[in-house]
Amino acid sequence: MKACGLVVEYNPFHNGHVLHARESREKTGADVVVAVMSGPFLQRGEPAIVSKWTRAEMALNGGIDLVIELPYAFATQKAEIFAKGSIALLESLGCDSFCFGSEDGKIEPFIIAHRILSENSAAFDAAIKSAMDAGNSYPASAAQAYRSIIHGDAALDLTKPNNILGKEYVSAALSNGYSIRPYTIQRVAAGYHETKLSKDPIASATGIRKAIHEHQELHSVSSYIPQATMSGLEQYLTHYHALHDWEMYWSMLKYRILSSSLTELAGIYEVEEGIEHRMKKMANQSSSFSGFMAALKTKRYTWTRLQRMCVHILTHTFKEQVIHNDQPAYIRLLGMNGRGQEYLRSVKKGLPLSLVSKLSSYREQDIDMDLRAAQVYALGLPEPHQAALMKREYESPVIFK
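This is a predicted model, so every value here is computed, not measured.

1. Brief notes about the packing of aromatic side chains
Then, in step 1: For the coordinates displayed, the defined rule picks out 13 aromatic pairs.
Then, in step 2: Look at Phe 41 and Tyr 377: their rings are 6.0 Å apart centre to centre, the planes differ by 90°, and that puts the pair in the edge-to-face class. Note that Phe 41 is positioned in the loop between strand S2 (32–38) and helix H2 (52–61) and Tyr 377 in helix H17 (residues 365–378), a separation of 336 residues in sequence.
Then, in step 3: Residue classification places Phe 41 among the buried residues on the basis of a relative accessible area of 2%.

What follows is the structure, encoded as structure tokens:
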């Protein structure tokens, strides 16, 4: 069986994801589509709107055959590390290919970009440092450095978020000599960060979440998500009485910041260059997470990077706890259908990593971070829902559709 891997967050699973899964299957000729999905906290440094279990079920209802979890140590990272962990897991599962959506829509520029940047890595790094020393954020500096090295039609637009991630996916595969082959499809309709909903049935997850939180109801997004996603959101609301966002965690984050010493804050992963001083000052003055972020934001730090810092503060993740391995140490299985089960059986004996189907049966340093993230995520809910969500984390079997 041929397998195609997708790197996803499904926050929530929407019509664009249905299209991505279908076109990826067609383009790669895959029998099975495997999704490696972030857990409770995401790459942009925010809590997922619903639990990973609900999101995995949405994916299985929407055309995905097998869902595994990207560990916290990779999921809440800058694009390079996020991509390394994701592609390594897909390679470990024996996927023949991976396919990502991009603004460019053609794979050749990504391969060319990897080759040229690999050949000019010293110049590229020096150009990034120079731009950052001038006060620019890392993404802006990287895009500027890239333009200084690669010109003409071959150049990617690295101001576009999916192109940025795509470049890192391709680099992760080619740099490590993996057998998995890269493909891309054109991202259509709404952009990754687009916050407005249009008449087109494909909208960004960002726009869908914004509409849900603004309108405080689900009907406003019904035309942008499959019925199974709507049902999943409705069931989650009925059962847990909440959809997750940063404001649910503001009091906990504020306590963490104000009760920690400057030395403790400086030891948190990604907290650098004295930003802890500004964090303490702004936390003391802010009454909401959105207000805190608006006060904290500077030209040097992107909103996403600041949010990731906040996630690591919230989960008490210190620098020495995050080891930058190229690949996770285990494969955490979340859900599958019959086709996914058949594929898993065919590759299971040859897997180079431990396959984890129940948390209580496996102990490893990195998975402790996953557990802590799950516990903190559950704290956003009132009891007895906290306990119910954590019980599912420990005891529930893999979702089977």
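2. A closer look at helix H6 (residues 121–133)
Then, in step 1: Here H6 is 13 residues long and its end C-alpha atoms lie 18 Å apart, about the 18 Å a rise of 1.5 Å per residue gives.
Then, in step 2: Contact partners of the buried residues in H6: helix H5 (108–119) and helix H7 (138–149).
Then, in step 3: Remark: Gly 135 follows H6 within two positions and exhibits a positive phi of approximately 100°.

3. As for unusual backbone geometry
Then, in step 1: Cis geometry marks the peptide bond from Asn 11 to Pro 12, where omega comes out at 0°.
Then, in step 2: Its location among the elements puts Pro 12 in the loop between strand S1 (3–8) and helix H1 (15–28).
Then, in step 3: Cis geometry is found at the peptide bond from Glu 383 to Pro 384, where omega equals 5°.
Then, in step 4: Assignment of secondary structure puts Pro 384 in the loop between H17 and helix H18 (385–395).

4. Brief notes about the nonpolar core
Then, in step 1: Membership of the largest hydrophobic core comes to 138 residues, with the highest contact counts inside it found for Ile 64, Ile 87, Leu 253 and Phe 292.
Then, in step 2: Ignoring any residue separated from it by four or fewer positions in sequence, one finds Phe 292 in contact with Trp 250, Leu 253, Ile 257, Met 279, Met 282, Ala 283, Ser 286 and Cys 310.

5. Some remarks on the pattern of salt bridges
Then, in step 1: Summed over the entire model, instances satisfying the criterion amount to 15 salt bridges.
Then, in step 2: Among the ionic pairs, Arg 25 bridges to Asp 65, the shortest N-O distance being 3.0 Å. Within this pair, whereas Arg 25 is found in helix H1, its partner Asp 65 is found in the loop between H2 and strand S3 (66–70), the two being separated by 40 residues in sequence. Assigned by exposure class, Arg 25 and Asp 65 land together as buried.

6. Comments concerning the pairing of S3
Then, in step 1: Within S3, five of the five residues are buried, which leaves the element mostly enclosed by the surrounding structure.
Then, in step 2: Judged from the five bridges that link them, S2 and S3 form a sheet pairing that is parallel. Bridging across to S3, Ala 35 finds its partner in Val 67.
Then, in step 3: Handedness of the β-α-β unit built from S2, H2 and S3 comes out right-handed.
Then, in step 4: Strand direction decides the pairing type here: S3 and strand S6 (residues 330–336), joined by four bridges, are antiparallel. Residue pairing in the sheet places Leu 66 in a bridge with Met 336 of S6.

How each quantity is defined
Residues numbered from 1 in each chain as written. Predicted model: local features only at pLDDT ≥ 70, side-chain atom pairs only at ≥ 80, totals over all residues. Heavy atoms only, no water. Phe/Tyr/Trp six-rings, centres within 6.5 Å; stacked < 30°, edge-to-face > 60°. Helix = DSSP H or I, 4+ residues; strand = E, 2+ residues; numbered from the N terminus. Buried < 20%, exposed > 50% of the residue type's maximum accessible area, 1.4 Å probe, protein only. Expected span 1.5 Å × (residues − 1). Contact = heavy atoms within 4.5 Å. Core = buried A, V, L, I, M, F, W, Y, C linked by side-chain atoms within 4.5 Å. Salt bridge = Lys/Arg side-chain N within 4 Å of Asp/Glu carboxyl O. Pairing = 2+ DSSP bridges. Right-handed = clockwise from strand over helix to strand, strands pointing away.

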